[in-house]
Amino acid sequence: MRKIVFSLAMLILSVGQSLSAAELAEDTGAWGQVVAEGSLKRIDPALENGRVWLEGQSRFNGNWDHWYQGMARTAVGYSLSDRATIWAGYTWLPTQNIGKPYVSQQDLWPAFRYVLPTDFGTMTFRTLWESNFGQGDQVRQRPRQMIRLMHPFDFEKRLSFIAWDEVFYRVNTTNWGGKSGFDQNRAFAGLGWSFNSNLRTEVGYMNQYLDMVSAATGKTSLTMHHLAMASVFVNF
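Okay, so let's go over this structure. All of these numbers come straight from a predicted model, not from anything done at the bench.

### A closer look at the nonpolar core
Counting nine residues, the largest nonpolar core is built from Trp31, Tyr68, Met146, Ile162, Trp164, Phe188, Met206, Leu227 and Met229. Breaking this core down by element, the ones donating at least two residues are strand E8 (156–170) and strand E11 (220–235). In this view, Trp164 contacts Met146, Ile147, Arg148, Arg186, Ala187, Phe188, Met206 and Met229; residues no more than four positions away in its chain are not counted. Counting eight residues, the second largest nonpolar core, distinct from the first, contains Trp53, Ala75, Trp87 and Phe233.

### Concerning the packing of aromatic side chains
Taken as a whole and judged by the stated rule, the model has six aromatic pairs. When the ring of Trp53 is compared with that of Trp109, the centres are 5.3 Å apart and the planes differ by 65°; the resulting orientation is edge-to-face. Within this pair, whereas Trp53 is found in strand E2 (residues 50–61), its partner Trp109 is found in strand E5 (residues 103–117), the two being separated by 56 residues in sequence. Of the two residues examined, Trp53 and Trp109, each falls in the buried class. Chaining the aromatic ring pairs together yields one cluster made of Trp53, Trp87 and Trp109. Its guanidinium or amino end placed over the ring of Phe233, Arg200 lies 4.4 Å from that ring's centre, counting from NZ or CZ.

### So, the environment of Val203
Within the element layout of this structure, Val203 appears in strand E10 (residues 199–213). In this structure, the C-alpha to C-alpha distance between Val203 and Phe188, residues 15 residues apart in sequence, is 9.6 Å. Beyond its immediate stretch of four places on either side in the chain, Val203 contacts Phe188, Gly190, Leu191, Met229 and Ala230.

The rules behind these values
- Residues numbered from 1 in each chain as written.
- Predicted model: local features only at pLDDT ≥ 70, side-chain atom pairs only at ≥ 80, totals over all residues.
- Heavy atoms only, no water.
- Core = buried A, V, L, I, M, F, W, Y, C linked by side-chain atoms within 4.5 Å.
- Buried < 20%, exposed > 50% of the residue type's maximum accessible area, 1.4 Å probe, protein only.
- Helix = DSSP H or I, 4+ residues; strand = E, 2+ residues; numbered from the N terminus.
- Contact = heavy atoms within 4.5 Å.
- Phe/Tyr/Trp six-rings, centres within 6.5 Å; stacked < 30°, edge-to-face > 60°.
- Lys NZ or Arg CZ within 6 Å of the ring centre and 35° of its normal.

These figures capture arrangement, not role.
Printed below as a string of C-alpha cells:
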C-alpha cells in the first residue's frame, strides 16, 4: 500500500513539474467557415453516389486586426450508404503569425464519415488521416478523430444544440512539425439554426488546445485558444 501511495505521489509531483516547466499561453480569436457539400448527380445521374466537399475558413486574432490563418479544403467522396461516406481530399493552410515568417502547409488525406440518428439527436463520427507537407521534405502523418452531436430542441425543431470534439495525434517526428505524440484537441459547443434542408448556420465557442514538442530541443509549447466560431453549411 505504501508503495502505491509513494508511486502516486511521485506521479503527481512529476505532472506538476512538467506543467510548471511548460507554461500555458492563452489568447482569444475568431474563426469563420463556409462548408458546401452535394451530390455529383447534377453532373450526371449515374454519379448519384458521388459527393463533392468544398470548404473555406478565415481565422483572426482577438482584436480582429490580424488575419493569421486561412484554410481551403476540397474533396471527392462516395456514399457507401445513406449513413457512410468515404472521401479523398486536399487542404491548403496558409499562415502568417505576427513576428514570424509566412508558412504554407498542404495536406492530402482520406476520410471516413458515419452518421448515426438516435432518439437524442444525430451523432456524426469522422476519421481523417492527414499527410502534412510543410517545411522541407519531411511529411508528418497526423490522424484526427471527430465526434459530433446535433440535438434539435422540442420547442423549435429548427434550433439545435451542437457539440463536438476532435483530437489530433502526430504519428511520426518531423523537424518542422514536432515530436510524435498528442498534437491538439478542439472542443465546440453552440447553437445551430436550420433555415431549410439545404442551409444551416452554427455559432458558438471553440476551445483549441495545442501541445507542441520541438524535435530539435525537446521543449514543450502549450497553447490554448478561446475562439468564437461561426459556420454556414450548404447542401446541394
